[in-house]
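# Structural overview for review
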Amino acid sequence: MKNTVATFAQAKGKNEKLALLTAYDYSIAKLVDEAGINGIIVGDSLGMVSLGCKDTLSVTMEDIIHHTRAVARGASNALVIADMPFMSFQTSVRDALVNAGRLLKETGAQAIKLEGGREVCPQIKAVVEASIPVMAHVGLMPQSVRSYGGFKVQGKDETGARKVLDAAKAVEQAGAFAVVLECIPAGLAELVTRSVSIPTIGIGAGNACDGQVLVYADMLGMLSDFSPKFVKHYAEVGEQMRAAFKQYAQEVRDGVFPAAEHTFTVADDFLKKLY
Ligand code: KIV
């Protein structure tokens, strides 16, 4: 069954957990979708996972559009959520509207996500009023990594915790249909989850959230660069891929691949005429 923003709201009402993953291309989106995942976020984490960037700041609208199109083609049932890149919405309400509109019109996504609390509520309100569903994102906001001085857990002291709680309540008021809580203490995520009527989607925020999201490449053990504490490896696909690539290279060098079963043939007498 197709997941929609209504499905997300109902899940919170029924106390049913939502499982989300990121994806950035067709084949991964198809596998994720076939696994019954509720939502696929085409996150700007694609900058780090697929494009080899140090952070998410250099990801562009064109990058997100290109990758979301591919994901939308592979996702029949999951809700596809396209991430608004750094500086595509912070600059003005008008920029937010224009860019959120592009993401929906040009990609096949059904919702957008943007980072920020009270300071981006005018943008959230305007985008929602234009009938574009918005998933908000508070706590650790990777687009603010420069101002934090690194990727740091947020909401660890009273001021920080109040800020996260206030941000979640503000984005709910502005009309967001869900909110991502990234890298905050579990107790704070539980309080936020009880304080808002929209689903909270945790990443590094404990298990009291209404749902969870992980970066697919992290949970598959595909990236050896860095593995955050909150990531569980459900497989070691990276190891398997490296081993397969190595075996392939060896077999090519040894002349073992391709074998007869991978090879097309024609009658010898036909070929002789070509010599
Ligand atoms: O960019 C991203 O992938 C995200 C999700 C992990 C929430 O923001």
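Residues numbered from 1 in each chain as written. Predicted model: local features only at pLDDT ≥ 70, side-chain atom pairs only at ≥ 80, totals over all residues. Heavy atoms only, no water.

Okay, the domain arrangement of the chain next. Domains assigned within the chain are domain 1 (5-235) and domain 2 (240-272). Taking only C-alpha atoms into account, the centre of domain 1 sits 44 Å from that of domain 2. (Domains from an automatic or database assignment.)

Let us now look at the nonpolar core. Membership of the largest hydrophobic core comes to 61 residues, with the highest contact counts inside it found for Ile40, Leu103, Ile112, Leu114, Ile124 and Leu181. In terms of residue count, helix α8 (residues 158-174) provides more of this core than any other element does, eight residues in total. (Core = buried A, V, L, I, M, F, W, Y, C linked by side-chain atoms within 4.5 Å. Buried < 20%, exposed > 50% of the residue type's maximum accessible area, 1.4 Å probe, protein only. Helix = DSSP H or I, 4+ residues; strand = E, 2+ residues; numbered from the N terminus.)

This next bit is on the side chain of Thr107. When you line up the elements, Thr107 lands in helix α5 (residues 93-107). Taking the relative accessible area as the measure of exposure, Thr107 reaches 6% and is therefore buried. A polar side-chain atom of Thr107 sits 2.3 Å from the main-chain carbonyl oxygen of Leu103. At 3.0 Å, the side chain of Thr107 and the backbone nitrogen of Ala109 are in polar contact. Setting aside residues no more than four positions away along its own chain, Thr107 makes contact with Ile65, Thr68, Arg69, Ala72 and Arg102. (Polar contact = N/O pair within 3.5 Å; in protein donor to acceptor, adjacent residues only side chain to side chain. Contact = heavy atoms within 4.5 Å.)

A few words on the environment of Ile41. Mapped onto the elements, Ile41 comes out in strand β2 (residues 39-42). Judged by relative accessible area, Ile41 falls into the buried class, the value being 4%. Distance in space between the C-alpha atoms of Ile41 and Arg94 is 23 Å, their sequence separation being 53 residues. Non-local contacts of Ile41, meaning those with residues more than four positions away in its chain, are made with Leu20, Leu21, Thr22, Ala23, Ile81, Lys113, Met135, Val180 and Val213.

For the rest of this paragraph, the subject is a nonpolar patch on the surface. Among the surface-exposed residues, Val266, Phe270, Leu271, Leu274 and Tyr275 lie close enough to one another that they form a single nonpolar patch of about 610 Å² accessible area. Secondary-structure assignment places Phe270 in helix α12 (residues 268-272). Residue classification places Phe270 among the partly exposed positions, given a relative accessible area of 47%. (Patch = residues over 30% accessible without salt bridge, like charges linked within 9 Å, V, L, I, M, F, W, Y side chains within 5 Å. Areas by Shrake-Rupley, 256 points an atom, 1.4 Å probe, with all protein chains shown as cover. Salt bridge = Lys/Arg side-chain N within 4 Å of Asp/Glu carboxyl O.)

Before going further, it helps to spend a moment on the site of the ligand. Within the structure, the ligand sits among Thr22, Gly43, Asp44, Ser45, Asp83, Lys113, His137, Ile203 and Val213. A distance of 2.4 Å separates an oxygen atom of the ligand from a polar side-chain atom of Ser45. Protein chains shield 96% of the accessible area of the ligand, which is 250 Å² for the free molecule. Residues of the shell around the ligand, tallied by class, amount to two nonpolar, four polar and three charged. (Near = heavy atom within 4 Å. Nonpolar A, V, L, I, M, F, W, Y, C, P; charged D, E, K, R; others polar.)

Take the packing of helix α4 (residues 61-74) against α5 next. Two quantities define a packed helix pair, namely the angle between the axes and the distance from one axis to the other. Contact pair α4 / α5: the axes reach a minimum separation of 9 Å and the direction vectors enclose 35 degrees. Between α4 and α5 lies a crossing whose hand is right-handed. Of α5, the residues touching α4 (which contributes Met61, Glu62, Ile64, Ile65, Thr68, Arg69 and Ala72) are Asn99, Arg102, Leu103, Glu106 and Thr107. For the contact of α4 with α5, the class distribution of residues is five nonpolar, three polar and four charged. (Axes fitted to C-alpha atoms, helices over the stretch in contact; angles between N-to-C directions. Left-handed = near helix turned anticlockwise from the far one by under 90°.)

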